[in-house]
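Residue-level structural notes
Listed below, chain by chain, are the residues.
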Amino acid sequence: MSVEVTIDPGKIARVLRLRNGVVARRLAERTARTARIAAREAPGSMGDYITWKVDNGPRGLQGVIVCDHPATRYVLDGTRPHIIRPRRAQALRFQVGGRVVFAAYARHPGTRPNNFLARALREGA
């Protein structure tokens, strides 16, 4: 008795690229898990701005994690020391030790980079 098996790589590729196929579901699970890790690692309320999706990319399906917080670049890359000056007022207003203090400018020490998205990717992979 002889058996003949024909493999059609095109059909296999189409099945793997289906939006609700096994590969897409597995990719969605991993992307969602990585997005949850990124939201947990993000500073302050930045985790509330993290979303994810599965899209068609140049090489097939890809998981995409997005952080829409306006300060994301500053957190990921860090900042150099800089001077903060008032924009619309005469002075800056701070509370220090329960007292209100006014200043013409403030020296910001800068921030270290905090690449929480890369850490989430490494941890979620």
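Structural notes, computed from the coordinates. (Residues numbered from 1 in each chain as written. Predicted model: local features only at pLDDT ≥ 70, side-chain atom pairs only at ≥ 80, totals over all residues. Heavy atoms only, no water.)

**A word on a nonpolar patch on the surface**
- On the surface, a nonpolar cluster with roughly 810 Å² of combined accessible area is contributed by Met 1, Val 3, Val 5, Ile 7, Ile 12, Leu 16 and Val 23.
- Relative to the elements of secondary structure, Met 1 occurs in the segment before α1 (9-16). (Patch = residues over 30% accessible without salt bridge, like charges linked within 9 Å, V, L, I, M, F, W, Y side chains within 5 Å. Areas by Shrake-Rupley, 256 points an atom, 1.4 Å probe, with all protein chains shown as cover. Salt bridge = Lys/Arg side-chain N within 4 Å of Asp/Glu carboxyl O. Helix = DSSP H or I, 4+ residues; strand = E, 2+ residues; numbered from the N terminus.)

**Examining the nonpolar core**
- Formed by Ala 35, Ile 37, Ala 38, Ala 42, Met 46, Ile 50, Cys 67, Val 75, Leu 76, Phe 116 and Ala 120, the largest nonpolar core amounts to eleven residues.
- Secondary structure elements with two or more residues in this core: α2 (22-41), α3 (72-77) and α4 (116-124).
- Among the elements that make up this core, the one with the highest residue count is α2 (three residues).
- Contacts of Met 46, omitting those with residues within four sequence positions, involve Cys 67, His 69, Ala 71, Thr 72, Val 75 and Phe 116. (Core = buried A, V, L, I, M, F, W, Y, C linked by side-chain atoms within 4.5 Å. Buried < 20%, exposed > 50% of the residue type's maximum accessible area, 1.4 Å probe, protein only. Contact = heavy atoms within 4.5 Å.)

**What about the pattern of salt bridges?**
- In total, this model carries six salt bridges according to the counting rule given.
- Of the charged contacts, one joins Arg 26 and Glu 29 as a salt bridge, the two residues approaching to 3.8 Å between their closest N and O atoms. One end of the pair is Arg 26 and the other is Glu 29, both in helix α2 and three residues apart, which spans about a single turn.
- Of the charged contacts, one joins Arg 40 and Glu 123 as a salt bridge, the two residues approaching to 2.9 Å between their closest N and O atoms. Pair noted here: Arg 40 is in helix α2 and Glu 123 is in helix α4, with a separation of 83 residues, a long-range link.
- Residue Arg 40 is classed as exposed on the basis of its relative accessible area, which comes to 54%.
- Judged by its relative accessible area of 47%, Glu 123 is partly exposed.

Read these as layout, nothing more, since geometry by itself doesn't imply function.
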